[in-house]
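As a plain string of letters, each chain reads:
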Amino acid sequence: MKIAVIGSGGWGTAISILLAGKKNDIYLWSWIQEETDRLNNDRENKEFLPGVKLDERIVCSHDMEKCLDGADVVITAAPSPATRTTAKQMAPYIKPGQKIVNISKGLEGQLRLSEVYHSEIPEADISVLSGPSHAEEVSRGIPTTVVVASENEATAEFLQDVFMCPTFRVYTSDDIIGVELGGALKNVIALCAGISDGLGYGDNTKAALITRGLAEITRLGTAMGAKAATFSGLSGLGDLIVTGTSKLSRNYTAGRLIGSGMSLEDTLDKVHMVVEGVNTAGAAYGLSKKYNVETPIIEHAYKILFEGMDPHEAVNLLMTRRKTVE
């Protein structure tokens, strides 16, 4: 098949490598010509995936029309702040019913990313793919398992076949809301797990944050129309574990730097990649107010990031909240 991958960061590049290994013709779109030239010349994404070579079937291009024309599948891997801009650039070239699968995780304000693509490209068939999937590991063929969600069962099964291979196992779901929210909201909790480690707390603290954070994600997600069971699956618990415990996670890394005393501005400069948990914390806090859902961990993450609350104080306030049942 011809597959267009829109977004040449680490995740977009890793998926391109995976799918090229299945003998597909991959057109990897980059937003600037200079980056396209580097990828074509080096045959390697030295910034995000150093040491991993690009398959000869991957064509890197800055020409959106060339990438999308005749594509059997369009994979979108733009970071959440660039989602709408990217959708607008894609819109003139998408054909009715053309299959788009978004693999990015995040929110635009209080909108899920698939909602952004629907608003700009209503004629497309839009699905989402999510789960515990570090780009660095996927690009090197390390066994990984994810879930693809679509409102159309046939589309979900088609995409399952597109992505699935011996190192990349894919399950299907009809719960787009839950799969997307799990992938987005876990970034906030992973950031908190990093803050905990940066403060010097132990595994007990981190385990509590992850477990109670998942409870908050589930409460908020079900209030927004998701299925509770989705959050105990790959796109919920699975993704939360990998993002909240791994040094490969930019959200965990950013949190650890903040917990150790670094400012948010300096942290984002040092990580040098989009930290989705920062963007999502504000959106998640707003959604919790909108849907009247209690999310104390998300609330205190917001206050640490945007109101200057001391992380030690946040932990103390969480630990001394009123007694309740689990």
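Structure: above.
Predicted model, so just to flag it, every value in this text is computed and none were measured.

The next subject is the overall build of the chain. Looking only at helices and strands, one finds 15 helices and 10 strands in the chain. In terms of overall dimensions, the chain is globule-like: its C-alpha atoms have a radius of gyration of 19 Å, near the 20 Å expected for 326 residues. Within the chain, the fraction of its 326 residues that count as buried is 55%. Long-range contacts, defined here as pairs at least 24 residues apart, represent 71% of the contacts in the chain between residues at least 6 apart. Looking at the chain as shown, the accessible area adds up to about 14000 Å², and 51% of this sits on carbon and sulfur atoms. Counting 32 positive and 41 negative side-chain charges, the chain places the averaged centre of each group 4 Å from the other.

All chains considered together, the criterion is met by three aromatic pairs. Relative to Y302, the ring of Y285 has its centre 4.4 Å away and its plane inclined at 20°; by these criteria the two rings are stacked. Separated by 17 residues along the polypeptide, Y285 in helix α13 (residues 276-290) and Y302 in helix α14 (residues 296-306) bring together distant segments of the chain. Judged by relative accessible area, which is 17%, Y285 ranks as buried. Ring geometry for Y302 against F306: centres 5.3 Å apart, planes inclined by 50°, an arrangement best described as tilted. Note that Y302 and F306 are positioned in helix α14 at a spacing of four residues, about one turn of the helix. Since its relative accessible area comes to 41%, F306 is described here as partly exposed.

What follows concerns the pattern of salt bridges. Considering all chains together, one arrives at 14 salt bridges under this definition. Ionic pairing is found between K105 and D239, a salt bridge with its closest N-O pair at 2.8 Å. On the criterion of sequence distance, the pair formed by K105 in the loop between β5 (99-102) and β6 (107-108) and D239 in helix α10 (residues 234-245) is long-range, its members being 134 residues apart. In this pair, the class of K105 matches that of D239, namely buried. Several salt bridges share partner residues, and in doing so they unite R84, K88, E108 and E120 into one network.

Further remarks concern the sheet that holds strand β3 (residues 58-61). Read from one edge of the open sheet, eight strands run β3-β2-β1-β4-β5-β8-β9-β10, paired in mixed fashion. The two strands at the open ends of the sheet, each matched to only one other strand, are β3 and β10 (168-173). Sheet twist, expressed as the average angle between the axes of neighbouring strands with direction ignored, equals 25°. In terms of strand pairing, strand β4 (residues 73-76) meets β5 through four bridges, oriented parallel. Directly across from I75, in β5, lies its bridge partner V101. Each of β1 (2-6), β2 (25-29), β3, β4, β8 (125-130) and β10 is contacted by helix α1 (residues 10-20), which is oriented at about 170° to β2, the strand it contacts most. Of the strands in this sheet, β4, β5 and β8 are in contact with helix α5 (residues 113-120), which crosses β8 at around 160°.

Here the focus is helix α11 (residues 250-259). Counting buried positions over the 10 residues of α11 gives eight, a clear majority of the element. Every buried residue belonging to α11 is among N251, Y252, T253, A254, G255, L257, I258 and G259, and all of these are buried. Tucked into the core, α11 has its buried residues touching α8 (176-198), α9 (203-223), α10, α12 (264-271), α13 and α14. Here α11 starts with a cap whose side-chain oxygen sits 3.3 Å from the backbone nitrogen of N251, and that cap is S249.

Conventions used here
In this convention, every chain numbers its residues from 1, walking through the sequence in written order. Reporting in this predicted model follows two pLDDT cut-offs: at least 70 for local features of residues, and 80 or more for side-chain atom pairs to be given and counted; totals over whole chains, interfaces and linings ignore these cut-offs and use all residues. Side-chain numbers here rest on the full set of heavy atoms in the structure, without hydrogens or water. Put simply, DSSP H or I for four residues or longer makes a helix, DSSP E for two residues or longer makes a strand, and each gets a number counted from the N terminus. Here the globule rule is a power law, 2.2 Å times the number of residues to the power 0.38, and the radius of gyration is based on C-alpha atoms. Partly exposed residues are those whose accessible area sits between 20% and 50% of the maximum for their type, while under 20% is buried and over 50% is exposed, using a 1.4 Å probe and protein chains only. Throughout, a residue-residue contact means that at least one pair of heavy atoms, one from each residue, lies within 4.5 Å. Here the Shrake-Rupley method, with its probe set to 1.4 Å, supplies the accessible areas, and only the displayed protein chains count as covering residues. When charges are counted, Lys and Arg are positive and Asp and Glu negative, with His and the chain ends excluded. Charge placement uses NZ in Lys and CZ in Arg. For Asp and Glu, CG and CD serve respectively. Note on aromatic pairs: the rings of Phe, Tyr and Trp (six-membered ring only in Trp) are paired at centre separations within 6.5 Å, and the planes decide the class, stacked below 30 degrees, edge-to-face beyond 60, tilted for the rest. We define a salt bridge as a contact between a side-chain nitrogen of Lys or Arg and a carboxyl oxygen of Asp or Glu at a distance within 4 Å. Strand pairing is assigned whenever DSSP detects at least two bridges linking the two strands. To obtain each axis, a line is fitted to C-alpha atoms, and for helices this fit is confined to the stretch in contact; angles are then taken between N-to-C directions over 0 to 180 degrees. Distance and chemistry together define a polar contact, namely a pair of N or O atoms within 3.5 Å, with one atom able to donate a hydrogen and the other to accept it when in protein, and with adjacent residues in sequence counting only for side-chain atoms on both sides.

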